[in-house]
Amino acid sequence: LESLGSSFSASSSKRRRTMRFIPKSPDKILDAPDLVDDYYLNLLDWSKSNILAVALRQCVFLWNASTGATQKLLETTGQGNIVTSLAWGDEPTNNTLSVGTHSSEVQLWDVAATKCVRVMPGHRARVSSLSWNAQLVSSGSRDSTIHHHDVRVGSNDGVVAELQGHSQEVCGLKWSPQGSQLASGGNDNLLNIWEARRNQSRFTISRHQAAVKALAWCPFHSNLLASGGGTADRRICLWNTGNGQCLNEVDTKSQVCAVQWSTHDRELVSSHGFTHNQLILWRYAGRGRVHKVVELTGHQARVLHMAQSPDGTTIVSAAADETLRFWRILGSPTRSAAKLKMEHSSRGLLGANCIR
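This structure is a prediction, so every number in the text was calculated from the model and none was measured.

(A) Quick peek at the overall build of the protein chain. Per the secondary structure count, the protein chain includes 2 helices and 28 strands. The proportion of buried residues among the 356 residues of the protein chain is 59%. Within the protein chain, contacts between residues separated by at least 24 positions form 48% of all contacts whose residues are at least 6 apart in sequence. Carbon and sulfur atoms make up 45% of the accessible area of the protein chain, which totals about 14300 Å².

Written out as structure tokens, the structure reads:
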């Protein structure tokens, strides 16, 4: 991990820090009425084709960030059958959205056709986390299991493997960008690291003292994972998943709800609940070390979810105050700091003021 800094000279890093403009207010705020206030769910994702999906109780709405248009994609049937998770397929041209429900189903939706193309049962409780790896969609459930569904398999549920490594709800689930490792976090306070095509966890880690929902793989190092713990823990831990070593931990003083790495810079963003309901931008300094850059406030309740725009410049946060806030706080390889500052001061993102 010492090699992480090899491609960044001290002088270029210093120039970027000097020139960087980081706005402390959001570019845009969208109302998200009926956003469920449940720490263990995953209700927000931004596709590579620039479509934001958000679940509001039994409905999923889409917001086109290029045009500002909104669309209702679906509404589940059955009283109380709320949407509990969603995740876009990871191919750049993929229009498939996976949706987990309280009734324990995983649904696949063709967004272009506005059509449900497959319903995959198999879990025995709500599906609270989803993550894609090429043609494989993995689902984590309150029944404590993880299912791998191969969408090419013709059987009804498409389940090709069941992983058992948690004793409570699996609320965090993320495949590494290379598809070689899967990280899972549970309400049992455990973090599991799984190797692809193996049904036994390589590492079972009990360092966190609360539920592990926030998980994010570093885009510039294949074995670097950030994890965050709930209210009784409040820590972000940085892991070398090659050997299971904890490189560093940081007490954030608040419940950690979500983590996102920047795709352009050596930075990450965390969102928080009790007690401060803030976002924090961190600079990664190598060997697991992080330094706080800025705290972003404005949400009036815990910031449950985050997603990143496909161009890597904007973080959207969804909070229990029923708002989505768009923060253009990350660097851009194609737009200068001066241009980003001008864009922030002159206009917000396109569209209406309500997601539905």
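(B) Representation of the sheet that holds strand S24 (residues 279-286) within the structure. Strand order across the open sheet formed by 4 strands is S22-S23-S24-S25, with antiparallel pairing between neighbours. Each having just a single partner strand, strand S22 (256-261) and strand S25 (289-296) make up the two edges of the open sheet. On average, each strand axis in the sheet is inclined to that of its neighbour by 25°, with strand direction left out of account. Where strand S23 (residues 267-272) meets S24, 5 bridges bridge the pair, whose relative direction is antiparallel. From the neighbouring strand, Ser270 faces S24, where its bridge partner is Ile280.

(C) Geometry of the pairing of strand S5 (residues 70-75). Looking at chain direction, strand S4 (residues 59-64) and S5 are connected through 5 bridges and run antiparallel. Residue pairing in the sheet places Val60 in a bridge with Leu74 of S5. Hairpin connection of S4 to S5: 5 residues between the antiparallel strands, including Gly68 at a positive phi of 85°.

(D) Structural context of unusual backbone geometry. Thr275 follows Phe274 through a cis peptide bond whose omega is 15°. As for its placement among the helices and strands, Thr275 is situated in the loop between S23 and S24. The backbone of Ala134 shows a phi angle near 60°, a positive value even though the residue is not glycine. Along the chain, Ala134 turns up in the loop between strand S10 (127-133) and strand S11 (136-141). Look at Ala134 and you get partly exposed, because its relative accessible area is 34%. In this structure, Ser144 takes a positive phi of about 80° despite not being glycine. Mapped onto the elements of the fold, Ser144 is located in the loop between S11 and strand S12 (145-150).

(E) A look at the environment of Val160. Secondary-structure assignment places Val160 in strand S13 (residues 159-164). Given a relative accessible area of 48%, Val160 falls into the partly exposed group. Once residues lying within four places of it in the same chain are set aside, the contact partners of Val160 are Leu136, His148, Asp150 and Val153.

(F) Layout of the environment of Trp132. Within the secondary structure, Trp132 sits in strand S10. Given the relative accessible area of 9%, Trp132 is considered buried. Sequence spacing of Trp132 and His149 is 17 residues, and the spatial spacing of their C-alpha atoms is 9.5 Å. With sequence-adjacent residues up to four places away left out, Trp132 is seen in contact with Ala87, Trp88, Gly89, Asp90, Thr96, Ser98, Leu108, Val137, Val151 and Trp175. Of note is the side chain of Trp132, whose polar atom sits 3.0 Å from the side chain of Ser98.

(G) Representation of the environment of Ala87. Among the structural elements, Ala87 can be located in strand S6 (residues 83-88). Its relative accessible area of 5% is what places Ala87 among the buried residues. Expressed as a C-alpha distance, the spacing of Ala87 and Val54, which sit 33 residues apart in the sequence, is 9.8 Å. With sequence-adjacent residues up to four places away left out, Ala87 is seen in contact with Asp45, Thr96, Leu97, Ser98, Leu130 and Trp132.

(H) Examining the side chain of His147 more closely. Within the secondary structure, His147 is located in strand S12. A distance of 2.8 Å separates polar atoms of two side chains, one belonging to His147 and the other to Glu162. Leave out the neighbours within four places in its chain, and His147 touches Gly122, His123, Val137, Ser138, Ser139, Val159, Ala161 and Glu162.

(I) Main features of the pattern of salt bridges. Within the structure shown, the criterion is met by 16 salt bridges. We note a salt bridge from Glu249 to Arg235, for which the minimum N-O separation is 3.0 Å. Placement of Glu249 in strand S21 (residues 245-251) and of Arg235 in strand S20 (residues 235-240) is noted, with a sequence separation of 14 residues between them. Lys253 is the partner of Asp251 in a salt bridge, and the nearest nitrogen-oxygen pair spans 3.4 Å. Residue Lys253 is classed as partly exposed on the basis of its relative accessible area of 48%. Taken together, the shared-partner salt bridges in this structure form one network comprising Asp38, Arg126, Arg142 and Glu169.

(J) Spatial organisation of the sheet that holds strand S9 (residues 115-120). Taken in spatial order, the 4 strands line up as S6-S7-S8-S9 in an open sheet, and their pairing is antiparallel. Where the open sheet ends on each side, the last strands, each with one partner, are S6 and S9. Taken pair by pair, the neighbouring strands of this sheet meet at an average axis angle of 25°, ignoring direction. Bridging between S6 and strand S7 (residues 96-101) involves 5 bridges; their strand directions are antiparallel. In the strand pairing of S7, Leu86 is matched with Val99.

Quick notes on the rules
Residues numbered from 1 in each chain as written. Predicted model: local features only at pLDDT ≥ 70, side-chain atom pairs only at ≥ 80, totals over all residues. Heavy atoms only, no water. Helix = DSSP H or I, 4+ residues; strand = E, 2+ residues; numbered from the N terminus. Buried < 20%, exposed > 50% of the residue type's maximum accessible area, 1.4 Å probe, protein only. Contact = heavy atoms within 4.5 Å. Areas by Shrake-Rupley, 256 points an atom, 1.4 Å probe, with all protein chains shown as cover. Pairing = 2+ DSSP bridges. Axes fitted to C-alpha atoms, helices over the stretch in contact; angles between N-to-C directions. Polar contact = N/O pair within 3.5 Å; in protein donor to acceptor, adjacent residues only side chain to side chain. Salt bridge = Lys/Arg side-chain N within 4 Å of Asp/Glu carboxyl O.

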